[in-house]
Amino acid sequence: MIPPVNHTGDDEAERVLLESFARGEREAFASIYTRHADALLSYGAGLGFDRETLKDALHDIFYKLYATPRLATGVRDVKSYLFRALRNRLINGRRGGQRETSLDPTGREFSIEVSIVDAQIEEEERSRVATEIERYLNELTPRQREAIYLRFIQEFDYDEVARLLDMTPHAARKLVSRAIATIRDHYPLLVIFFRL
Amino acid sequence: MDKRYAKYDASRFSTDPFFLSWRLLDDPGARAFWESFRERHPGKREEIDAAIRVVDSARFNHETLPAEEIRQEVERLYRTVHRLRRWRLARKCAVAASVLLALLLPALFLARDAGSDPPGDLAVMVARARQQKVRLELAGRQVVELERDAVIAYKPDGVITTGSDESEPLAGRRDTIGEIPVDRLVVPDGRRAELLLPDGSKIWLNAGSAIEFPARFPAGSREARASGEIYIEVAPDATRPFTLHAPRFSVNATGTTFQVTAYAGEQEQSVVLVEGEISVILPGELPVPVHPSGRFVLDGNTGRVERVDPLDYTSWKDGVLRFTNRPLRDVLASLSRYYGIPVEYEGEGEERLSGKLILLDDLTTVLENISVIIPSRHEVREEGVIVRSGKK
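Values in this document were obtained by computation on a predicted structure and should not be read as measured data.

A short note on the overall build of chain A
Here is step 1 of the chain: The helix and strand inventory of chain A stands at 10 helices and one strand.
Here is step 2 of the chain: Taken from the N to the C terminus, the helices and strands of chain A come in the order α-α-α-α-α-β-α-α-α-α-α.
Here is step 3 of the chain: Here chain A, with 196 residues, has 36% of them falling under the buried criterion.
Here is step 4 of the chain: By sequence separation, contacts in chain A at least 24 residues apart represent 59% of the contacts at least 6 residues apart.

Remarks on the overall build of chain B
Here is step 1 of the chain: Regarding its fold elements, chain B presents 11 helices and 23 strands.
Here is step 2 of the chain: Residue burial in chain B is summarised as follows: out of 392 residues, 36% are buried.

Brief notes about the environment of Gln132 of chain B
Here is step 1 of the chain: Tracing the sequence through the fold places Gln132 of chain B in the loop between helix H8 (121-130) and strand S2 (134-138).
Here is step 2 of the chain: Measuring from C-alpha to C-alpha, the distance between Gln132 of chain B and Arg191 of chain B comes to 7.5 Å, with 59 residues separating the pair along the chain.

Let's talk about the sheet that holds strand S23 (residues 384-389) of chain B
All names here are of chain B.
Here is step 1 of the chain: Pairing is mixed in the open sheet, where three strands are placed in the order S20-S23-S22. Here the strands that pair on one side only, and so sit at the sheet edges, are strand S20 (343-346) and strand S22 (376-381). Taking the axes of each pair of neighbouring strands and ignoring which way they run, one obtains an average angle of 20° across the sheet.
Here is step 2 of the chain: For S20 and S23, the ladder comprises four bridges, and the chain directions are parallel. Bridge pairing in S23 places Glu346 opposite Arg388.
Here is step 3 of the chain: Each of S20 and S23 touches helix H10 (residues 328-339); the most contacted strand, S20, lies at about 165° to it.

Describing helix H5 (residues 45-56) of chain B
Here is step 1 of the chain: Helix length check: H5 of chain B, at 12 residues, gives a terminal C-alpha distance of 16 Å against a target of 16 Å (1.5 Å per residue), a fit within 8%.
Here is step 2 of the chain: Of all the residues in H5 of chain B, the buried ones are Ile48, Ala51, Val54 and Val55 of chain B. The buried residues of H5 of chain B occupy one face: seen down the axis, they fall within an arc of 125°. Facing away from the buried side of H5 of chain B by over 90 degrees, the exposed positions are Arg45 and Glu46 of chain B.
Here is step 3 of the chain: On its buried face, H5 of chain B is in contact with strand S1 (114-116) and helix H6 (123-137) of chain A together with helix H2 (10-13), helix H3 (17-23), helix H4 (28-40) and strand S1 (58-60) of chain B.

Looking at the nonpolar core
Here is step 1 of the chain: With 72 residues, the main nonpolar core has Phe21, Phe29, Ile32, Leu40, Ile61, Leu82 and Leu86 of chain A as its most contacted residues.
Here is step 2 of the chain: Ranked by the residues each element gives to this core, the list is headed by helix H2 (residues 26-46) of chain A, at nine residues.
Here is step 3 of the chain: The residues contacting Ile61 of chain A, other than those within four sequence positions of it, are Leu82, Ala85, Leu86 and Arg89 of chain A.
Here is step 4 of the chain: With 62 residues, the next largest nonpolar core counts Ala224, Ala226, Tyr345 and Leu363 of chain B among its residues.

Let's talk about the environment of Val143 of chain B
Residues and elements named next belong to chain B.
Here is step 1 of the chain: Inspection of the secondary structure assignment puts Val143 in strand S3 (residues 142-146).
Here is step 2 of the chain: Sequence separation between Val143 and Arg184 is 41 residues, and the spatial gap between their C-alpha atoms is 9.4 Å.
Here is step 3 of the chain: The residues touching Val143, leaving out its near neighbours within four places in the chain, are Arg135 and Glu137.

Observations regarding unusual backbone geometry
Among all residues except glycine, the phi angle is most often negative; among peptide bonds, the trans geometry is most common.
Here is step 1 of the chain: In the Ramachandran plot, Asp166 of chain A falls in the positive-phi region, its phi being about 60° despite a non-glycine side chain.
Here is step 2 of the chain: With respect to the helices and strands, Asp166 of chain A occurs in the loop between helix H8 (158-165) and helix H9 (169-186).
Here is step 3 of the chain: At Asp26 of chain B, a residue that is not glycine, the phi angle is positive and equals roughly 50°.
Here is step 4 of the chain: The topology assignment puts Asp26 of chain B in the loop between H3 and H4.
Here is step 5 of the chain: For Asp26 of chain B, a count of 12 C-beta atoms within 10 Å puts it in the exposed group.

Things to note about the confidence of the model for chain A
All names here are of chain A.
Here is step 1 of the chain: Predicted confidence across chain A gives a mean pLDDT of 80, with 80% of residues reaching 70 or more.
Here is step 2 of the chain: Low pLDDT, under 50, characterises residues 1-9; the predicted model gives this stretch 14 contacts beyond four residues in sequence or across chains.
Here is step 3 of the chain: Contacts from residues 95-106, a stretch scored under 50 in pLDDT, to residues over four places away or in other chains number eight contacts.

Regarding the pairing of strand S18 (residues 302-307) of chain B
All names here are of chain B.
Here is step 1 of the chain: With zero of its six residues buried, S18 lies for the most part at the surface.
Here is step 2 of the chain: Inspection of the sheet shows strand S17 (residues 294-299) paired to S18 by six bridges, in the antiparallel sense. For Phe296, the partnering residue across the bridge sits in S18 and is Val305.
Here is step 3 of the chain: Hairpin connection from S17 to S18: two residues lie between these consecutive antiparallel strands, with Gly300 at a positive phi of about 65°.

Regarding the confidence of the model for chain B
Residues and elements named next belong to chain B.
Here is step 1 of the chain: Of the residues in chain B, 80% have a pLDDT of 70 or more, and the chain-wide mean is 78.
Here is step 2 of the chain: Under a pLDDT of 50 for its full length, residues 87-120 has, in the predicted model, 31 contacts with residues more than four places off or in other chains.
Here is step 3 of the chain: As a predicted assembly, this complex carries a pTM of 0.51 together with an ipTM value of 0.83.

Some points on the pairing of strand S8 (residues 202-205) of chain B
Residues and elements named next belong to chain B.
Here is step 1 of the chain: Where strand S7 (residues 193-196) lies against S8, four bridges are found, and the strand directions are antiparallel. Looking at S8, one finds that Leu195 is bridged to Ile203.
Here is step 2 of the chain: As consecutive antiparallel partners, S7 and S8 are separated by five residues, and within that stretch Gly200 has a phi angle of approximately 95°, a positive value.
Here is step 3 of the chain: As paired strands, S8 and strand S10 (residues 222-233) are joined by four bridges and run antiparallel to one another. Across the sheet, residue Lys202 finds its bridge partner in S10, namely Glu233.

Remarks on H6 of chain A
Here is step 1 of the chain: Along its 15 residues, H6 of chain A runs 21 Å from first to last C-alpha, staying within 8% of the 21 Å computed at 1.5 Å per residue.
Here is step 2 of the chain: Looking at the packing, one finds that the buried side of H6 of chain A touches S1 and helix H7 (142-153) of chain A together with H3, H5 and S1 of chain B.

Regarding the packing of H7 of chain A against H8 of chain A
Residues and elements named next belong to chain A.
Here is step 1 of the chain: Between H7 and H8, the shortest axis-to-axis distance is 9 Å and the interhelical angle comes to 140°. As summarised for this structure, H7 and H8 are arranged oblique, according to the angle between their axes. Viewed along their axes, H7 and H8 form a crossing whose handedness is right-handed. Touching Glu146, Ala147, Leu150 and Arg151 of H7 are Val161, Leu164 and Leu165, all from H8.
Here is step 2 of the chain: For the contact of H7 with H8, the residue count by class is five nonpolar, no polar and two charged.

A word on the packing of H7 of chain A against H9 of chain A
Residues and elements named next belong to chain A.
Here is step 1 of the chain: Two elements in contact, H7 and H9, have axes separated by 9 Å at closest approach and are oriented at 105°. In terms of axis orientation, H7 runs roughly perpendicular to H9. Residues Arg143, Gln144, Ala147, Ile148 and Arg151 of H7 touch H9, and the partners they reach there are Ala172, Leu175, Val176, Arg178, Ala179 and Thr182.
Here is step 2 of the chain: Within the contact of H7 with H9, the residues separate by chemical class into six nonpolar, two polar and three charged.

Cut-offs used in this document
- Residues numbered from 1 in each chain as written.
- Chains lettered and ligands numbered in written order.
- Predicted model: local features only at pLDDT ≥ 70, side-chain atom pairs only at ≥ 80, totals over all residues.
- Helix = DSSP H or I, 4+ residues; strand = E, 2+ residues; numbered from the N terminus.
- Buried ≥ 20, exposed ≤ 12 C-beta atoms within 10 Å, placed from the backbone.
- Contact = placed C-beta atoms within 7 Å.
- Pairing = 2+ DSSP bridges.
- Axes fitted to C-alpha atoms, helices over the stretch in contact; angles between N-to-C directions.
- Expected span 1.5 Å × (residues − 1).
- Arc of directions from axis to C-beta.
- Core = buried A, V, L, I, M, F, W, Y, C linked by C-beta atoms within 7 Å.
- pLDDT = per-residue confidence, 0-100.
- Parallel < 35°, antiparallel > 145°, perpendicular 65-115°, else oblique.
- Left-handed = near helix turned anticlockwise from the far one by under 90°.
- Nonpolar A, V, L, I, M, F, W, Y, C, P; charged D, E, K, R; others polar.

In structure tokens form, the structure reads like this:
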């Protein structure tokens, strides 16, 4: 009498959740929100926005998703959609000028703040490593940094990185490989290795 | 290179740019070097692995939204959405649900804070169950699968419409003379449907129900066959009595409102009369008259009539489950059907519940509300939910 519950991939689960979300089902809101909030806040922080502004922005993009049912049913990859929506919402909010100036605290420079969470080493060592990794990432241009962040930390594929940064997949690939090359150039020792 | 790195410890590896290019950027050159280095220097492995652990534990723009803040944000979003939804549909039941929701809210929050939140899988399960389609089988012609809350109307002129959009008839006009096709409406667990028959009678089908009915009623009689839980408002027509056949008994009615509960595989099958007059017919026996607020129960082979509050049995159609002194086991069975999710019960079976449960979209909250009334815990498993009563 009771149909069996099929467990398939995470993507399928996300799509199903999104459809229920579009019908206004509360548990689906909570689930999608919980799944993605931290990553979205992290990305938004990199773009230079404070937490309260980001929470408002999340509210707006989820609301838009609900209020436009064809959006919700058309979305294939939920995370990538949310990242794009957040970026547009934040950047357009700035450009449009209808938002208060508080939305524009810094220039558009993608920044990455590093923290080490491995509890097996001491606090002092943790912050030393974090500083060194930040220094390492600061060798990159902001755009390279954002591409690296999206590719390696949020694990988007090149097509998604390209859509987020509004460029072709080929250009996104080049941006990332240039970033890796930039790092090599900044550390002469690496160049020696690559010439061996 | 090897010579230089042979002196390194974990701490120095973890800040070495070349090492970082391997761990953070997956630079193919760096990866090739480090994998081979690790292979060639077994004595360094421990240090290298420690450094890998440290670097891999790096978080970038690390943000965590505490559960409490997530709850607040979800509430806020839900409030905004609810305003839109009410404005969009202005449906009676939506308003009713929100009023009752307000009454239940304090208990809801208590329950949320007390228990640990089960994983989101339950949401996925409910959503999946809801994807099961309501099927309308038009005799000899086609099968129509219906999304969302199905509202099907058979017009006297042979036109069938589904949903609120009456401008789009489903099957075109059917002949109003000649042989009468018999159609079937099947509602899976987790879904509900409303059906308007050509004579003006209105039927609500609860989850896990089916009805077979002629596309138009002939002169002299109106007959339909049903199983599951069916609430019906029979349009008055003294010339054509209405007979609803359940698997183990039939109900004769004229202009009345009643509900039949006759799930296959359940011991108890019943009819509740809301208003009007009905008589229940068992094979080979005299008709049993039932008066308003009467409930005819067929338990095994014996029938009896008791006095009840009909709302206790029929409120599901308005999205509320109301009951007086009902065994927990039965309540859970109703929930299981309503949401289309297996809900298993483990307990002494003695607990009885009185009260009102709002059938929110959110089954977790509904289960938590139950646990406020009687001590019980629920556990979400891959195959369904298990509810255990008692203070364990």
